[in-house]
Amino acid sequence: MFKDYINDLKNEFRGYNVQTLLQDILAGLTVAAVALPLALAFGVSSGADAGAGLITAIIAGLVIGVLSGASYQISGPTGAMSAILIGLSTTYGLQGVFIASFLSGCMLIIASLFKFGKIVSFIPTSVITGFTSGIAIIIALGQIDNFFGTTSVGSSALEKLFSYLKLGFPVSLPTVFFGILVVVIMLAWPKKWGEYCPSSLAGIIIALICQLCMNLPVHEVGTIPSTLFPEARLSFSSLQLGTITQLMLPALSIAALGMIESLLCGASAGKMKNEKLNADRELMAQGIGNMLIPLFGGVPATAAIARTSVAIKAGGKTRLVSVFHSVVILISMFLLGSLMSRIPLSALAGVLMVTAWRMNDWQEIKTLFHNRVKTNISQYLITMCATVVFDLTVAIVIGVMFSIILFVLNNSHLHIEVRDIDKDRVGKDLKHHHQKTRIMYLSGPIFFGTQEQMTQVLDSLDNSLEAIIFSMRGVPSIDDSGIHEFFEIVDRLKEQNCKIKFSGIQEEVMIQFKRNHFDEYVGKDSFCWDAIMALEALDQELIFA
C-alpha cells in the first residue's frame, strides 16, 4: 500500500508548476468558503461546539487529505456524522465522542487491512438513498431548538420531538428571524454569485452583520478557541476497559458511516475527475485521521461530497487543495474568532436545514416513485424509517437484509414445464414409441425455497411413466437442499421403475452434483449434453429393457 501511495504521488505531481499551484490555492480558498460555515454548523449540531467543527475540518484536511486514496477527496465534519454524535454526546459526554472517534479510527484501519473497500458496492442504491433521507430528517429534527429557540429533552431526535407535547413550543421571534433569514438567502442566492461566494457563507455573513448591528437576545456560537489544543480533547486516562466496551457499538456506527460516506464520495467524485479511488487506502487515511482528530478536540470526520465536488469544479489538481483549505480555515479561526463567536446559533440552524433538504437525492427519489417498482420503494422507505427510529448502522443492516429477502422472494420461482415426446420434432429415427416418456424443463435457481416445486409437479404425473428427462440448461445454481431433493426424487422414480436422464447441466450445478457425489449415485451415463442425446440414450435402454 505504501509503495502504491508513493507511485500515485509521483504521478499526481508529475509536471507540477507554478500555474498548477495557483489553481490548487484558488480551489482551496473556494472550498474553505464552503467548508467554514458547514464546519461551524456541524460542530454545534454534533453536541460539541463550533470550535470542534473548525478543528475537525483543519486536521481532517491536513491528515486525511494528504493520505487519501485519491487526489480530490476533501474530508471534514458532515451532517450525517453529526446525526450520530448528537445522541452520543448526550449520553456519554464529549469524552465519549472522543473515545468513540478514536475506536472508529482503529476499526477503519482494520477494515483497510482486510480489504473491506468493496463492501459499499453490495449496498443497493435505494437503501443508500433511504439512508441519506433518514439522516436528513434527523439533522432537521435536531435543529428545531436552535432554529425556533425552543427547548426539548431526550437522547434521540424522536424523543426530543415528542417532548414538545409536554414542554410546549414557545417560539423566540428574534431567533426565528435569523433562521428564516439564512434559509431565504440560501434559497434565493443566484447560482452565478455562488461561484464567488457560497450561499451558506453569504447567509452567515449577513446574519452576523445584523446581529452586530441589532444585538438581539439570541443564543450565539460563543468562544472560538485560538489554539489547536483546547481543554476539551481526548484524554488517554479515559481509555478504560469498561468505557471502551460501552462505546464499541457507537464506534462501529461511526466507522460504518465513515466508510460508506467516504467511499461513496470517492466513487461519485471519481467519475467527475475521471480518477479511480483507492478504496482501501482511503479507509486507512480515514482511520488514521479519526484516531488523531480527538487528540485535538475534534469530532469524527468523513469525506464530504459537497466540498469534494466544489474542489473539482474549482479546478483543483492535487491533494494540496485539501491542505490549502485547512490552512485558510486555520487562519480564519485565529484572525476571525471573535467575530465568528457572535454568529447566532439559529443562523447555523438555517444552514443545516437547507443542507438537510439538499442532502436528499431528489432526482433518484423521483425516479424511484415514478417507476413504481415496489421493491425499490419499500427498500427506500424502510431504510429511511429505520434510520430515524434506530441506530444508523442498524438501519443499513435492516435495509440490506430486507433487500436480500426481497431478492430471494422475487427470484424464488422455479419455472417448470413438462412436455410429451413429439417424435416428428425430434428429427431422429427413434425405435421406441416413448408414449410414456416426459421431458421436464427446469428454469431458475433450485434451492431451499424452490425445491418442493419439482416434487409437486412429479406428484401430478402418471406413476406408470417409463422415463423422465430433466432438462436443466436454465438452472444457474443449486444448493444442498435442492440436491437432497433430487436424491429423494431419484429414489422415488427408481421404485416406480422409471428411468432418469439429465441434460444441459451448467458447470456450476455439475460441480455441486460432484461434491455431493450425486453423479455417482445416479450413474455418470445419466448425464447428457442435450435433451436429444438423452432421448437417444433412453431409446436404446427402453428397447432392451
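Notes on the structure follow. A quick note: this is a predicted structure, and the numbers were derived from the prediction, not measured. (Residues numbered from 1 in each chain as written. Predicted model: local features only at pLDDT ≥ 70, side-chain atom pairs only at ≥ 80, totals over all residues. Heavy atoms only, no water.)

What follows deals with the side chain of Ser112. Structurally, Ser112 can be placed in helix α4 (residues 79-113). A distance of 2.6 Å separates the side chain of Ser112 from the backbone oxygen of Asp280, its partner in a polar contact. Excluding residues that lie within four positions of it along the chain, Ser112 makes contacts with Met1, Asp280, Arg281, Leu283 and Met284. (Helix = DSSP H or I, 4+ residues; strand = E, 2+ residues; numbered from the N terminus. Polar contact = N/O pair within 3.5 Å; in protein donor to acceptor, adjacent residues only side chain to side chain. Contact = heavy atoms within 4.5 Å.)

Taken together, Leu62, Leu212, Val327, Ile331, Phe334, Leu335, Leu336 and Leu339 make up a surface patch of nonpolar side chains, about 680 Å² in accessible area. Here the element with the most residues in the nonpolar patch is helix α15 (residues 320-335); it accounts for four residues. Inspection of the secondary structure assignment puts Leu336 in the loop between α15 and α16 (337-340). Overall, the relative accessible area of 38% leaves Leu336 in the partly exposed class. (Patch = residues over 30% accessible without salt bridge, like charges linked within 9 Å, V, L, I, M, F, W, Y side chains within 5 Å. Areas by Shrake-Rupley, 256 points an atom, 1.4 Å probe, with all protein chains shown as cover. Salt bridge = Lys/Arg side-chain N within 4 Å of Asp/Glu carboxyl O. Buried < 20%, exposed > 50% of the residue type's maximum accessible area, 1.4 Å probe, protein only.)

Turning to the sheet that holds strand β3 (residues 415-420), a few remarks are in order. Across the sheet, five strands lie side by side as β3-β4-β5-β6-β7; this open sheet has mixed pairing. Pairing within the sheet leaves two strands with one partner each, and these edge strands are β3 and β7 (527-528). Strand direction decides the pairing type here: β3 and strand β4 (residues 437-443), joined by six bridges, are antiparallel. When the sheet's bridge partners are listed, Glu417 is paired in β4 with Tyr441. The strands touched by helix α23 (residues 480-495) are β4, β5 (467-474) and β6 (499-503); relative to β5, the strand with the most contacts, the crossing angle is about 160°. Relative to the sheet, helix α26 (residues 531-543) contacts β4, β5, β6 and β7, its axis offset from that of β6 by approximately 160°. (Pairing = 2+ DSSP bridges. Axes fitted to C-alpha atoms, helices over the stretch in contact; angles between N-to-C directions.)

On to the packing of helix α5 (residues 125-142) against helix α17 (residues 345-359). For the pair α5 and α17, the least separation of the axes is 8 Å and the interaxial angle reads 165°. In terms of axis orientation, α5 runs roughly antiparallel to α17. Crossing hand, α5 versus α17: left-handed. Residues Thr132, Ile135, Ala136, Ile139 and Ala140 of α5 form the contact with α17, whose participating residues are Leu352, Met353, Ala356 and Met359. Taken together, the residues of the contact of α5 with α17 break down into eight nonpolar, one polar and no charged. (Parallel < 35°, antiparallel > 145°, perpendicular 65-115°, else oblique. Left-handed = near helix turned anticlockwise from the far one by under 90°. Nonpolar A, V, L, I, M, F, W, Y, C, P; charged D, E, K, R; others polar.)

Take helix α8 (residues 173-188) next. With 16 residues, α8 ought to run about 22 Å at 1.5 Å a step, and its terminal C-alpha atoms sit 22 Å apart, in line with that. The set of residues buried in α8 consists of Thr175, Val176, Phe178, Gly179, Leu181, Val182, Val183, Ile185 and Met186. For α8, the elements touching its buried residues are α6 (144-148), α10 (199-214) and α17. (Expected span 1.5 Å × (residues − 1).)

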